[in-house]
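Fold and contact review
The chain contents come next:
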Amino acid sequence: MSDAQHGYPLGAGFRAIIRRDLTSVWRNRSDIASPLVFFLISITLLPLGVDPSDKLLATIAPGMIWIMALLATLLSLDSLFRQDYDDGSLTQFILSPQPLYLTVLAKVIVHWLTTGLPLAIIAPLLGVMLSLPSGGYWPLVISLTIGTAIMSLIGALGAALTVCLRSSALVLTLIIMPLYLPVLIIGANTVSSAIAGVGAAQGLALLGAALAMAVLIMPLAAAGALRISSNH
Amino acid sequence: MSDAQHGYPLGAGFRAIIRRDLTSVWRNRSDIASPLVFFLISITLLPLGVDPSDKLLATIAPGMIWIMALLATLLSLDSLFRQDYDDGSLTQFILSPQPLYLTVLAKVIVHWLTTGLPLAIIAPLLGVMLSLPSGGYWPLVISLTIGTAIMSLIGALGAALTVCLRSSALVLTLIIMPLYLPVLIIGANTVSSAIAGVGAAQGLALLGAALAMAVLIMPLAAAGALRISSNH
Amino acid sequence: MSEPLLTLDNLSCERDGRLLFSGVDCECPAGTLLQVVGFNGAGKTTLLNTLTGLLPAAKGDIRWRGDSIRSQRQVFHQELLYLGHQVPVKPQLTVRENLLWLGALNPPVTKDAIAEALVQVDLAGFEHSPSFALSAGQKRRVLLAQLYLSRATLWVLDEPFTAIDKAGVLKLEATMARHAEQGGIVLFTSHQPLAMAEFAVLDLSQFQPAPGEAYV
Amino acid sequence: MSEPLLTLDNLSCERDGRLLFSGVDCECPAGTLLQVVGFNGAGKTTLLNTLTGLLPAAKGDIRWRGDSIRSQRQVFHQELLYLGHQVPVKPQLTVRENLLWLGALNPPVTKDAIAEALVQVDLAGFEHSPSFALSAGQKRRVLLAQLYLSRATLWVLDEPFTAIDKAGVLKLEATMARHAEQGGIVLFTSHQPLAMAEFAVLDLSQFQPAPGEAYV
Amino acid sequence: MAWQWFHRLGSPRWFYEKSSRWLVWFAPLTLVLMVVGISWGLGFAPIDSKQGNSYRIIFIHMPAAALALAGYYIMAIAGAVGLIWKMKLPFMVMKSAAPIGAALTVLTLATGSLWGHPTWGTFWEWDARNIFMLVLLFLYAGIVVLAEVYPSRDAADKACAILALVGTINVPIIYKSVDWWYSLHQPASIKLTGGSSIHPSMLYPLLLCILAYYCFYTLALILYTRREILVRESRTKWVAELAQAKFSQSQNASGGAP
Ligand code: HEM
Ligand SMILES: Nc1ncnc2c1ncn2[C@@H]1O[C@H](COP(=O)(O)OP(=O)(O)OP(=O)(O)O)[C@@H](O)[C@H]1O
Ligand SMILES: Nc1ncnc2c1ncn2[C@@H]1O[C@H](COP(=O)(O)OP(=O)(O)OP(=O)(O)O)[C@@H](O)[C@H]1O
Ligand SMILES: [Mg+2]
Ligand SMILES: [Mg+2]
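Because the structure is a prediction, the values reported are computed rather than measured.

Check the secondary structure of chain E and you find 8 helices and 0 strands. Reading chain E from its N end, one meets helices and strands in the order α-α-α-α-α-α-α-α. For chain E, the proportion of contacts with a sequence separation of at least 24, taken over those separated by at least 6, is 79%. For chain E, the exposed surface amounts to about 13000 Å²; the carbon and sulfur share of it is 69%.

Next up, the structure:
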């Protein structure tokens, strides 16, 4: 039986997890729709709570869209590892010969595909509703695409650290927010400067660099956190 | 053994649930802190995302505080019945001779005491951060106190309807948001009109009426929803 | 013979439109100790849930003291104790706190009664342990402590022996037998061979629909 | 005798600072079929978790093929199959989809192998049922299907007979015995009396600390 | 007797077989009404003095808005009937009404935005009725999603019915509060005001359009419900026999061709 040690296919588990999670999401299709809905609804709330005159809305539009995207991502994080923890799947991940780094990365990718990406795609619509000036649309979409990916990666660490807590949703907020702040500031600024005509290249470059770093570090850190959470 | 049918103490279960939930929350103290933290942090994000000039902030302050209180309440709703459903406590509630209405009401009261009330109390602090004009503080606190109670009651229905779903947090959002809208509009307006000098009495009266109606209807509807969720 | 307390009258149950079993008739007078058996998926849990009113019956009726349970839910629930697969024990509360609230759902419990019940289930000394630090069997024992607190006539127990050690199983069987002797009714499911002397058996395997008739 | 594959060397475990058991020595050569017994709370689950590397040992060491498992986690995990109390079966996926991902965590599984395994656990026909619509025993059977898919040498099973009906228990015992005969190792816990002919027993009750010595 | 009739109405099979007969004449009628009404409105009604041709959108927009709102109440009533009398069919009607209502709401929003571009100069304005329509869309979406995600069908029906019923109390409240909020913030809108100012030459096609929309709504509801019945009862004998009959029919048809 020791032949199992040789020729062990590394990618199999990675692919299986991606397939599993995508199927799960597809079965619960509302999973994709829901961060979107949160995003849509909270942007809709805005003009209801504050004076909806065009000029005011246009001023706060880039910031509000970014903030709401951040909150939507945050909301969907809690479920990232929760079910796997509760039903013992996490134990199986840890006891499997697959590197935990890959498993976490697979889960993060699915999370981004099903929350961050749709958010970025739908953002222009909300731009219209908040009368975003026309120069801001492309920078908004691109910065959100990169930014939500970073936020999913950072979020994985937060979710992993809090998965063993009974009521984690909000402890998570506390841990994750400070890490999200720079992303928010750079992202919102990229859009504003594009609208002001200064150009978005610098902001996007910064976001890109942050993404590269996050891909390397965050799944590793999250894997470590999961090992700790599981052992008690 | 049929003497159990006589002199059955109605309030016992109600008190026991309140005591139980308060103890639980106290054990996980972060449960109280966390909606507060969400509230605080998202208000803090505001000046980071949008142009932080005093005049702009003051204009959007009442609306933003109300919106963020709404989101914070919403975030904490998911856990209202979740644990009771997962561990079978809900079955025990339903099979107990205590009226389910009272049990739900007990849980809603604890929820409000541990999320809505603290939010209302801390709101003036956030008012200062967003340079809320001085006439707005009392109306803000009072409208939030009543408004969060209504939101806890409505939220109980949403939580009850979604408790049997795997990933409910965001379906909940979709269901609950439209029902929260009137509360938000009336609440935010009460504060704005008080600031504008029009007086807050009308808005507060409306909120009070809504509260009375919600106390009557919502726990009943939620009890019905819980019976449905549990039976499958 | 005494009049039956609990009557299942031509009961059929279905799940998602599939008929699980049909035509179950059963009369339980005071003193009944009845084991419901059947292969995995036969519908034992469904039967117990239907019996307590948690699930609707597809056909037939359940009567308690002669009247349909649907017409007298509250009275019926006062005399019912149901322990299911799940363990409604809050991890963050201590053992005693858990029993306090579980007990309060039915007539009042005192702290002394709780202490006494914990001795019965071998958890004396664990009153103040947080429940998350209990082993699987200890958690189920907290649940079983309710048997010593409740004044219900009808006990409905879904796999009560799960995770309980051998000594615990013997004791539990004795408790169930005593309850029946004292005029109560115990309905339970279990796949384990039992040491108890006398109990009736309801075999659900015999009520399965014929191959083609699960969907009508 | 053949050299032991798994060795527990003077193992002690504690939980929250309380010593549960100490000085457990045990050598398992290929072909071992070992039941871990003990009262509720003796530390059986803790022992199994420690053995697999999920929990740290308080004292002593666990060796696999001669080396400490901590120094060769990945190699050890390739030869390990652990089925615990919990049932990692996603309710929204079908039975087959669940086995596909569970299987992929270890060497590759084919759909045919899954169909075959489902026949073994009497779930043929349920391939495409969503898992939330399974009974308690059926859910555990999905988990047990992994026994027929895995190529692991060491099986660690925590109460594998929970919720399984009588016919299922017999079959499972036979499967475990066959795995041992073919040179594997099976460690399991259970409180049920078993029909199997030959198996070793490790009684944790004998390794409990003396009354005053639980906290050192 | 009346009750017997009422309960037969609750039987999906009875409804399926009856509605097959209704559809034979109802479907063509609806089609004719739609074609006549919309082509009259879009093609032949006179031009508006202020808005030119863009006003013609009203023939699609206004009836859609009216039905989107009415549809919510139809859905809620169906849910209530199902809850109270424990019948299967009303729940199927309720479930079918949700996506239709949502589609009509989307249509209202889309045509409104199209109209807004020439008249307001922007696709979206935070106007009371726009917001109300948006919220109505969310209310519908809530029910569609809830029906979709619930693990068991019976539970899904009852849960949706409860939500729809609570919604009926809330819809007027939402309407009022949006209106109230709006009147505090903004001056009067640019909308055409009141039905009374409409000239008969525009009114008649509009009324015809409304009638056509009602028929269309009923038709869509029947078709959706029939589909729902087949899906839910797919494993019963009568559906199996129906499928068998259809199958052998097509078999015969293709067999007879050469
Ligand atoms: C997205 C934007 C819009 C939405 C959501 C919307 C929604 C509505 C609603 C809810 C009604 C009410 C139907 C009733 O009371 O029975 C309505 C009617 C009407 N709308 Fe719109 N509308 C929009 C844009 C427009 C625009 C741009 C115009 C023209 C300038 C317009 C003109 C009308 C007219 C003439 C009626 C019917 C007459 C009346 O009841 O006043 N709408 N619309
Ligand atoms: N998470 C935990 N934190 C602290 N203590 C724990 C924890 N889990 C279990 N314990 C304690 O460790 C002891 C052993 O628990 P374990 O689960 O190993 O018992 P077990 O032998 O498997 O019992 P059972 O037969 O009931 O499954 C128990 O007395 C329990 O109180
Ligand atoms: N929530 C559900 N939705 C649909 N079908 C279900 C659901 N729960 C159980 N079933 C089906 O009903 C049948 C009976 O389930 P039940 O739980 O009553 O069995 P059981 O006799 O208790 O089995 P076990 O011995 O495994 O506990 C099973 O075949 C299962 O597939
Ligand atoms: Mg069962
Ligand atoms: Mg154990």
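The next subject is the overall build of chain A. Within chain A one finds 9 helices and 0 strands. Along the chain direction, N to C, the helices and strands of chain A fall in the order α-α-α-α-α-α-α-α-α. Principal axes of the C-alpha set define a box for chain A whose edges measure 70 × 35 × 30 Å. Across chain A, every contact between residues at least 6 apart in sequence was considered, and the portion connecting residues at least 24 apart equals 84%. In the form shown here, chain A has an accessible surface area of approximately 7900 Å², with 70% of it arising from carbon and sulfur atoms. Treating the 10 positive side-chain charges of chain A as one cloud and the 9 negative ones as another, the clouds have centres 5 Å apart.

At the junction of the two partners, chain D supplies 35 residues and chain A supplies 35 residues. Of the roughly 3100 Å² buried where chain D meets chain A, counting both sides, 57% is carbon and sulfur surface. Where chain D meets chain A, there are 2 salt bridges. When the shortest N-O distance is used, the salt bridge between D:Lys90 and A:Asp87 registers 3.1 Å. Put simply, chain D and chain A have 6 residue pairs in polar contact (both at pLDDT 80 or more) between them. If you tally residues by element for the side of chain D that touches chain A, the top one is helix α2 (residues 73-78) of chain D, at 5 residues. Along the lines of polarity and charge, the residues of the side of chain D that touches chain A split into 19 nonpolar, 9 polar and 7 charged.

Turning our attention to the pattern of salt bridges. Summed over the entire model, instances satisfying the criterion amount to 25 salt bridges over all chains. Between C:Lys90 and B:Asp84 there is a salt bridge, with its nearest N and O atoms 2.4 Å apart. Here C:Lys90, found in the loop between β6 (80-83) and α3 (95-104), pairs with B:Asp84, found in helix α4 (residues 79-86), and the two come from separate chains. Since its relative accessible area comes to 2%, C:Lys90 is described here as buried.

The immediate surroundings of ligand 3 are formed by 21 residues, with C:Thr45, C:Thr46, D:Ala133, D:Ser135 and D:Gly137 found nearest. With respect to ligand 3, its neighbouring residues span chains B, C and D. Take D:Ser135: an N or O atom from its side chain is 2.6 Å from an oxygen atom of ligand 3. A distance of 2.6 Å is found between an oxygen atom of ligand 3 and a backbone nitrogen or oxygen belonging to D:Gly137. Relative to its unbound accessible surface of 640 Å², ligand 3 loses 94% to contact with the protein. Broken down by secondary-structure element, the contributors of at least two residues to the shell around ligand 3 are β2 (18-28) and α1 (44-51) of chain C together with α5 (136-144) of chain D.

The biggest cluster of nonpolar side chains holds 305 residues, and the ones touching the most others in it are A:Leu71, B:Leu71 and E:Leu146. Leave out the neighbours within four places in its chain, and B:Leu71 touches A:Phe38, A:Ser42, A:Met68, A:Leu71, B:Phe38 and B:Met177. Judged by nonpolar contacts, the second largest core, of 33 residues, contains D:Val95, D:Leu99, D:Val142 and D:Leu172.

Where strands meet in a sheet, backbone hydrogen bonds hold them as pairs that are either parallel or antiparallel. Residues and elements named next belong to chain D. One open sheet accounts for 5 strands, arranged β6-β7-β8-β3-β9; its pairing is parallel. Both edges of this open sheet fall to β6 (80-83) and β9 (200-203), since each of them pairs with a single strand only. Shown here is a sheet whose adjacent strand axes are inclined to one another by a mean of 15 degrees, direction ignored. Both strand β3 (residues 33-37) and β9 contribute to a ladder of 4 bridges, which runs parallel. Across the sheet, Leu34 pairs through a bridge with Ala200, a residue of β9. In the packing of helix α1 (residues 44-51) onto the sheet, the strands contacted are β3, β6, β7 (154-158), β8 (185-189) and β9, and the crossing angle to β7 comes to about 150 degrees.

Further remarks concern the packing of helix α3 (residues 54-77) of chain B against helix α7 (residues 137-162) of chain B. Residues and elements named next belong to chain B. Taken N-terminus to C-terminus, the directions of α3 and α7 make an angle of 35 degrees; their axes are 10 Å apart at the nearest point. Note on packing geometry: the crossing formed by α3 with α7 is right-handed. Residue-level inspection shows Ile65, Trp66, Ala69, Leu70, Thr73 and Leu77 of α3 in contact with α7, the latter providing Leu140, Ser143, Leu144, Gly147, Thr148, Met151, Gly155, Ala156 and Ala159. For the contact of α3 with α7, a count of residues per class yields 10 nonpolar, 5 polar and no charged.

A residue-level look at chain A finds 90% of positions with pLDDT of 70 or above and a mean pLDDT of 83. Under a pLDDT of 50 for its full length, residues 1-7 of chain A has, in the predicted model, 9 contacts with residues more than four places off or in other chains.

A word on the state of the cysteines. Applying the stated rule across the entire model yields 0 disulfides over all chains. Unpaired in terms of disulfides, A:Cys164 finds its nearest cysteine sulfur in D:Cys13, a separation of 20 Å. By relative accessible area, A:Cys164 is classed as partly exposed at 28%. As a non-bridged cysteine, C:Cys26 has C:Cys28 as the owner of its nearest cysteine sulfur, 3.8 Å distant. Of the residues examined, C:Cys26 reaches a relative accessible area of 13% and is grouped as buried.

Tallied over the entire structure, the rule returns 14 aromatic pairs over all chains. Three or more aromatic residues joined by ring pairs make a cluster, and in this case those are C:Phe161, C:Phe188 and C:Phe199. The lysine or arginine in question, B:Arg20, covers the ring of C:Trp101, its NZ or CZ lying 4.3 Å from the ring centre. We note E:Arg226 situated over the ring of E:Tyr16; from NZ or CZ to the ring centre the distance is 4.2 Å.

Let's shift gears to the side chain of E:Ser177. Assignment of secondary structure puts E:Ser177 in helix α6 (residues 153-185). Aside from chain neighbours lying at most four places away, what touches E:Ser177 is B:Pro182, B:Ile185 and B:Ile186.

With that settled, consider the pairing of strand β4 (residues 59-64) of chain C. Within a regular strand, side chains alternate between the sheet's two faces. All names here are of chain C. With 5 bridges connecting them, strand β1 (residues 6-15) and β4 associate as antiparallel partners. Opposite Leu6, over in β4, you have Trp64 as the bridge partner. Here β4 hands over to strand β5 (residues 67-68) after 2 residues, with Arg65 in that stretch at a positive phi of 50 degrees.

So, on to α3(B). In this model α3(B) runs 33 Å from its N-terminal to its C-terminal C-alpha over 24 residues, within 8% of the 34 Å that 1.5 Å per residue would give. Burial of α3(B) is extensive: 21 of the 24 residues sit out of reach of the surface.

Here we take up the sheet that holds β2(C). Residues and elements named next belong to chain C. Within the open sheet, the 4 strands sit side by side as β2-β1-β4-β5. Their pairing is antiparallel. The sheet terminates laterally at β2 and β5, the two strands that pair on one side only. Sheet topology places β4 next to β5; 2 bridges connect them, and they run antiparallel. Its bridge partner lying in β5, Trp64 is registered against Asp67. Set on the sheet, α1 makes contact with β1, β2 and β4; between it and β1 the angle comes to about 125 degrees.

This brings us to the side chain of B:Ser152. When you line up the elements, B:Ser152 lands in helix α7. Residues within four places of B:Ser152 in sequence aside, it is in contact with B:Val108, B:His111, B:Trp112 and B:Tyr180.

Cut-offs used in this document
- Residues numbered from 1 in each chain as written.
- Chains lettered and ligands numbered in written order.
- Predicted model: local features only at pLDDT ≥ 70, side-chain atom pairs only at ≥ 80, totals over all residues.
- Heavy atoms only, no water.
- Helix = DSSP H or I, 4+ residues; strand = E, 2+ residues; numbered from the N terminus.
- Contact = heavy atoms within 4.5 Å.
- Areas by Shrake-Rupley, 256 points an atom, 1.4 Å probe, with all protein chains shown as cover.
- Lys, Arg positive; Asp, Glu negative; His and termini not counted.
- Charge placed at Lys NZ, Arg CZ, Asp CG, Glu CD.
- Buried area = accessible area lost by both parts, 1.4 Å probe.
- Salt bridge = Lys/Arg side-chain N within 4 Å of Asp/Glu carboxyl O.
- Polar contact = N/O pair within 3.5 Å; in protein donor to acceptor, adjacent residues only side chain to side chain.
- Nonpolar A, V, L, I, M, F, W, Y, C, P; charged D, E, K, R; others polar.
- Buried < 20%, exposed > 50% of the residue type's maximum accessible area, 1.4 Å probe, protein only.
- Near = heavy atom within 4 Å.
- Core = buried A, V, L, I, M, F, W, Y, C linked by side-chain atoms within 4.5 Å.
- Pairing = 2+ DSSP bridges.
- Axes fitted to C-alpha atoms, helices over the stretch in contact; angles between N-to-C directions.
- Left-handed = near helix turned anticlockwise from the far one by under 90°.
- pLDDT = per-residue confidence, 0-100.
- Disulfide = S-S within 2.5 Å.
- Phe/Tyr/Trp six-rings, centres within 6.5 Å; stacked < 30°, edge-to-face > 60°.
- Lys NZ or Arg CZ within 6 Å of the ring centre and 35° of its normal.
- Expected span 1.5 Å × (residues − 1).

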